[in-house]
Amino acid sequence: MPTVTEKSKKQKTISAKISPSNNDSLKPDAQLKLYYFMKLMREVEDAILRLYQQGKIVGGAYSGNGNEASAVGSAFALEKSDYLFPMHRDMGAHFVKGQSVLNLMLQHLGRDTSLTKGRDGTTHYTDPKLRIYGNISPLGAMIPVAVGVALASKLRNDKTVAMTYIGDGGASVGEVHEGLMMASVMHLPFVLIIENNHYAYSTPIDKQFLVEKLSDRAIGYGIPGVTVDGTDVLEVFHACKTAVDRARRGEGPTIIESVTMRMQGHAAHDNAWYVPKELLAEWKRKDPLVRFEKKLTDDGIITKSKQESMSADINRQIEDALKIAFERPYPPAEQASEGVFAE
Amino acid sequence: MSKIITYIEAISEGLREEMRKDKSVFLLGEDIGTYGGAFKVTKGFIEEFGDKRVIDTVIAESAIIGAATGAAIAGMKPVAEMQFADFVTNGFNQLVNITAKYYYRNFVPVPLVLRLPFGGGIRGGPFHSSCPEAWFFHTPGLKLVAPSTPYDAKGLIKSAIRDPNPVLYFEHKFLYRHIKAEIPEEDFIVPIGKADIKREGSDISIITYSSGVHWSLEAAEVLSKEGVEIEVVDLRSLVPLDTNMILQSVKKTGKVLIVHEDTLTGGIGGEIAAIISEHAFEYLDAPIKRVASLDTPVPYAPTLEDYFLPNTKKVIDAARTLAAY
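Residues numbered from 1 in each chain as written. Chains lettered and ligands numbered in written order. Predicted model: local features only at pLDDT ≥ 70, side-chain atom pairs only at ≥ 80, totals over all residues.

## A word on the overall build of chain A
Reasoning step 1: Helix and strand counts for chain A come out as twelve helices and nine strands.
Reasoning step 2: Whereas a compact globule of 343 residues would reach a radius of gyration of roughly 20 Å, chain A reaches 20 Å, a difference of no more than 12%.
Reasoning step 3: Expressed along its principal axes, the backbone C-alpha trace of chain A runs to roughly 60 × 55 × 40 Å.
Reasoning step 4: Within the span of chain A, comprising 343 residues, buried residues form 50% of the whole.
Reasoning step 5: For chain A, restricting intrachain contacts to residue pairs at least 6 apart in sequence, the fraction spanning at least 24 positions comes to 76%. (Helix = DSSP H or I, 4+ residues; strand = E, 2+ residues; numbered from the N terminus. Rg over C-alpha atoms; globule rule 2.2 N^0.38 Å. Buried ≥ 20, exposed ≤ 12 C-beta atoms within 10 Å, placed from the backbone. Contact = placed C-beta atoms within 7 Å.)

## What to know about the interface of chain B and chain A
Reasoning step 1: The partner chain A presents 30 residues to the 31 residues of chain B that form the contact.
Reasoning step 2: For the side of chain B that touches chain A, the elements supplying multiple residues, two or more each, are α3 (61–73) and α4 (92–106) of chain B.
Reasoning step 3: For the side of chain B that touches chain A, the leading source of residues is α3(B), giving nine residues.
Reasoning step 4: Counted by class, the side of chain B that touches chain A contains 17 nonpolar, twelve polar and two charged residues. (Nonpolar A, V, L, I, M, F, W, Y, C, P; charged D, E, K, R; others polar.)

## Here's the deal with the sheet that holds strand β13 (residues 256–263) of chain B
All names here are of chain B.
Reasoning step 1: One open sheet accounts for five strands, arranged β9-β11-β10-β13-β14; its pairing is mixed. The open sheet has two edge strands, β9 (196–199) and β14 (289–293), and neither has a second partner. Across the sheet, the mean angle separating the axes of adjacent strands is 25 degrees when strand polarity is ignored.
Reasoning step 2: Together, β9, β10 (204–208), β11 (230–234) and β13 form the strand contacts of helix α8 (residues 211–225), whose direction differs from that of β11 by roughly 170 degrees.
Reasoning step 3: Together, β10, β11, β13 and β14 form the strand contacts of helix α12 (residues 312–323), whose direction differs from that of β14 by roughly 170 degrees. (Pairing = 2+ DSSP bridges. Axes fitted to C-alpha atoms, helices over the stretch in contact; angles between N-to-C directions.)

## Structural notes on the packing of helix α6 (residues 142–156) of chain A against α3(B)
Reasoning step 1: Their axes nearest at 6 Å, the elements α6(A) and α3(B) cross at an angle of 55 degrees. The angle between α6(A) and α3(B) places the two elements in the oblique class. The two elements α6(A) and α3(B) cross, and the hand of that crossing is right-handed. For the pair α6(A) and α3(B), the contacting residues are Pro144(A), Val145(A), Ala146(A), Val147(A), Gly148(A), Val149(A), Leu151(A) and Ala152(A) in the first and Ser62(B), Ala63(B), Gly66(B), Ala67(B), Ala68(B), Thr69(B), Gly70(B), Ala71(B) and Ile73(B) in the second.
Reasoning step 2: The residue inventory of the contact of α6(A) with α3(B), partitioned by class, reads twelve nonpolar, five polar and no charged. (Parallel < 35°, antiparallel > 145°, perpendicular 65-115°, else oblique. Left-handed = near helix turned anticlockwise from the far one by under 90°.)

The following block contains the structure:
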């Protein structure tokens, strides 16, 4: 039986592995990819918000502005065969896993050829080919499901890992605790990123938890927990990679708290009037995209012209996707009654 | 070749045979491994299949149902057990919001079975006796079965495991060791969605399932001596409902009694009555009657529980009223 001391030693080990010296170990082309996915996320989400303002989105629209490093850095630690259970502020994670801009636009626009054939919207979809399993609206609910996928992986010994996310607010949901209990005691290949973006809809974190760090909750499960700067994509990546490798070796789950800021409202309808301006200004200075751009420029990994060609490529992808998506009709009405059960 | 087994043995046999046949079938639940299950449905399973396929879980129903759902979408065939059907409330969100809606939203099958030991008559009180099927009857995306005999219990657990959809398997705790019957030695299944005439008759149709079948058969025996022939339609599956067989029987007899152990208001009987009045109104010679439990929690003391539950006498009384029309 491991003692508490042993457990806290384990936690120290994982913290040690994400020391800054380790953060430069990613090759320049990999760092460029990280930057590309972060930028893609920012641009696609901004495009979706514009469509929302124009009344063209069927339902709501959510922004992960401020969360790009967290979403991209985490998913970048996964292999193709690993399972990703992203949340609604993790669009970059979808892209890392290979999702197309078109599929996400079709989802938001509720068209007939969307992954859910118009039956659900936004990032609520499953794409089994890419092993992406989107969240549902009651947050925390997908965590036991991700644990079940990790269980299947362990039973089949196929060495895959399930990674999922929850917010500072959703982390209060009982299913999160139940899932972590099962994952930890069964040593399942499971990684949970708690994205602490300071607000659950309108409720600030001081009304949500008393612990200093949300990763401290790991102690209660006897698993490693670590808190990272969620605006630093390399720090997020290295912490996640350590956790994913550990899970793949059969050593069980890890909790990673990624501290970020929700720079926009809960959803597009919400202007977040309740968030202090100074807080937003403070986090604006830590914009994950700007921050990483500066690092890549300083390191000579990215040039102005490379940046421009990347932007052009992203804009073209968005334009092309929207052109195709808007040509698609909504699904035929009578399809609503079909497919409740698999044949 | 045939043999006589109890209802509970039939469930165990069905599970065991499917596990031998298909390596992707595994079990998870509270105390199902080393202990063999609170009711011993899985006694000896961990010895035969090992602790990877017979998993003792933490006491966390959301995690059990959620993990079964996750394993199912990843291609396994989990059979999860709620120690008592009453505890399914702890996993309600998983079942209703994720499991039930998964295929419709994503076109990814969820081949899981959730075993729910339900029903009263065992002096279990308010938290070990209830019949929660109506909640899930109202939830599109879940199949529901509730066998009454060893033959159906075995045949339906096998069908449930082979079905690509989530199937809620309601096994009645009182029937576990009270009901014995002959079943074939050979492999057989009972298709989901097919009702069964447990006794033919021409005067009254009793539409029922699970424990209700046994009260109804006893009542039919009594009324037969009075010259009233009752047809007992055992639904076996609640979703999909075998509407055709219900209507056929009603059109033949013209009188309907619906019997279920679940409480009366909002029970499945109400929906069956609506279907009959919509589609066979002109065949009816009497109002549709229902016998069900009282609209209270399941009480503990024997006097109270016996008063609360349906029984053969209540079915006989209702059938006599109908026969008089």
